[in-house]
Amino acid sequence: MSAPAKPRLSAAHRAAMESNPWFMSMPRAQRENLLGAAELIHLRRGAMVFRQGDPVIADGGFFGLAAGTIKISSLRQDGREAILAVLEPGNWFGEITLIDGSPRTHDATALEALDLLVISPRSFGLLMRDVLFANAIAAMLAARVRMLYGLAEDATLRSPRASRTACWCWRAAMPRSRSTRASAWRCRRKRWR
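The following paragraphs examine the structure supplied in this document. (Residues numbered from 1 in each chain as written. Predicted model: local features only at pLDDT ≥ 70, side-chain atom pairs only at ≥ 80, totals over all residues. Heavy atoms only, no water.)

It is worth spelling out the environment of Asp-54 at this point. Within the element layout of this structure, Asp-54 appears in the loop between strand S2 (48–50) and strand S3 (62–67). Judged by its relative accessible area of 27%, Asp-54 is partly exposed. Spatially, the C-alpha atom of Asp-54 lies 8.3 Å from that of Thr-105, the residues being 51 residues apart in sequence. Beyond its immediate chain neighbours, meaning those up to four positions away, Asp-54 contacts Pro-103 and Arg-104. Among the polar contacts made by the side chain of Asp-54, one reaches the main-chain amide nitrogen of Arg-51 at a distance of 2.8 Å. (Helix = DSSP H or I, 4+ residues; strand = E, 2+ residues; numbered from the N terminus. Buried < 20%, exposed > 50% of the residue type's maximum accessible area, 1.4 Å probe, protein only. Contact = heavy atoms within 4.5 Å. Polar contact = N/O pair within 3.5 Å; in protein donor to acceptor, adjacent residues only side chain to side chain.)

Right under this line is the structure:
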């Protein structure tokens, strides 16, 4: 008996994914390979796509938002929530854990019913063997780093509180190495008023 067929992307889903400049910057073959590797799932409002600290699991992976909105956030121990982003259809996310093998960095929560494309860790690994796809992932990550640097610069030039936020964002975005830890320590040592 053959496996059940994957649900086909609707024209609206495909249009949402094609509205993303990163996705459209890839050659057609890589875009089709990415969509072909995806499983379309539906989640209800309030569902957790993943939680901060979650390990990579077989049913997780790299996600493409085909319909709905997702909140990317972090919850502090005192119960306060930091909303870092609200993702709209066309956005791709979740690659960090697949690349570095570390647990999920934030919570991803459905703000409304979702149609989500899920690329399994195994499929993501196979896609990454294609140099054009791997370069596209690198370009996406580079764009996110540039955005973080822009936010850090804006925040640093505004106020001490904004500077603290910028330091936190910088530390969160950087991989852990001896030089990064030293820079983070310098950032922490500053006196904030």
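This part covers the nonpolar core. In globular proteins that are soluble, nonpolar side chains generally tend to be buried together. By size, the foremost hydrophobic cluster in this structure holds 21 residues, and its most contacted members are Trp-22, Phe-23, Leu-34, Phe-62, Trp-92, Ile-119 and Phe-133. For this core, the secondary structure elements donating two or more residues are helix H2 (21–25), helix H3 (28–37), S3, strand S8 (114–119), helix H5 (121–128) and helix H6 (131–156). Looking at which element gives the most residues to this core, the answer is H6, with four residues. Sequence-distant contacts of Phe-133, defined by excluding residues within four places in its chain, comprise Trp-22, Met-26, Gln-30, Leu-34, Phe-62, Phe-124, Leu-127 and Met-128. In terms of nonpolar packing, the next biggest core, distinct from the first, is built from 13 residues, Val-49, Phe-50, Ile-70 and Phe-93 among them. (Core = buried A, V, L, I, M, F, W, Y, C linked by side-chain atoms within 4.5 Å.)

Spatial strand order, S2-S7-S4-S5: four strands in an open sheet with antiparallel pairing. Looking at which strands have only one partner, the edges of the open sheet turn out to be S2 and strand S5 (81–87). Sheet twist, expressed as the mean angle between neighbouring strand axes with direction ignored, is 30 degrees. (Pairing = 2+ DSSP bridges. Axes fitted to C-alpha atoms, helices over the stretch in contact; angles between N-to-C directions.)

Our focus in this paragraph is the side chain of Arg-104. Note on placement: Arg-104 falls in the loop between helix H4 (95–100) and strand S7 (107–110). A distance of 3.0 Å separates a polar side-chain atom of Arg-104 from the backbone oxygen of Gly-61. Those residues in contact with Arg-104, other than ones at most four positions away along the chain, are Phe-50, Arg-51, Gln-52, Gly-53, Asp-54, Gly-60, Gly-61, Phe-63, Gly-94 and Thr-97.

To continue, consider the sheet that holds strand S1 (residues 39–43). Hydrogen bonds between backbone atoms are what pair the strands of a sheet, whose relative direction is either parallel or antiparallel. With antiparallel pairing, four strands are arranged side by side in an open sheet as S1-S8-S3-S6. The open sheet has two edge strands with one neighbour each: S1 and strand S6 (92–93). As judged from the two bridges shared by S3 and S6, these two strands associate in the antiparallel manner. Of the residues in S6, the one forming a bridge with Gly-64 is Trp-92.

Here the structure, examined in full by the defined rule, presents six salt bridges. For Arg-14, the salt bridge goes to Glu-32, with nearest N and O atoms at 3.1 Å. In this pair, Arg-14 sits in helix H1 (residues 11–18) while Glu-32 sits in helix H3, placing the two residues 18 residues apart along the sequence. Relative accessible area serves as the criterion here: at 28%, Arg-14 is assigned to the partly exposed category. Residue Lys-71 pairs with Glu-81 through a salt bridge whose shortest N-O separation is 3.0 Å. Within this pair, whereas Lys-71 is found in strand S4 (residues 70–75), its partner Glu-81 is found in strand S5, the two being separated by 10 residues in sequence. Its relative accessible area of 15% is what places Lys-71 among the buried residues. Overall, Glu-81 belongs to the partly exposed group, its relative accessible area being 40%. (Salt bridge = Lys/Arg side-chain N within 4 Å of Asp/Glu carboxyl O.)

On to the packing of H5 against H6, then. For any two helices packed against each other, the geometry is given by the interaxial angle and the distance between the axes. Interaxial distance between H5 and H6 falls to 7 Å at its minimum, and their mutual angle equals 105 degrees. Compared by their axis directions, H5 and H6 come out roughly perpendicular. Contact residues: H5 offers Phe-124, Leu-127 and Met-128, while H6 offers Phe-133, Ala-134 and Ile-137. The residue makeup of the contact of H5 with H6, split by class, is six nonpolar, no polar and no charged. (Parallel < 35°, antiparallel > 145°, perpendicular 65-115°, else oblique. Nonpolar A, V, L, I, M, F, W, Y, C, P; charged D, E, K, R; others polar.)

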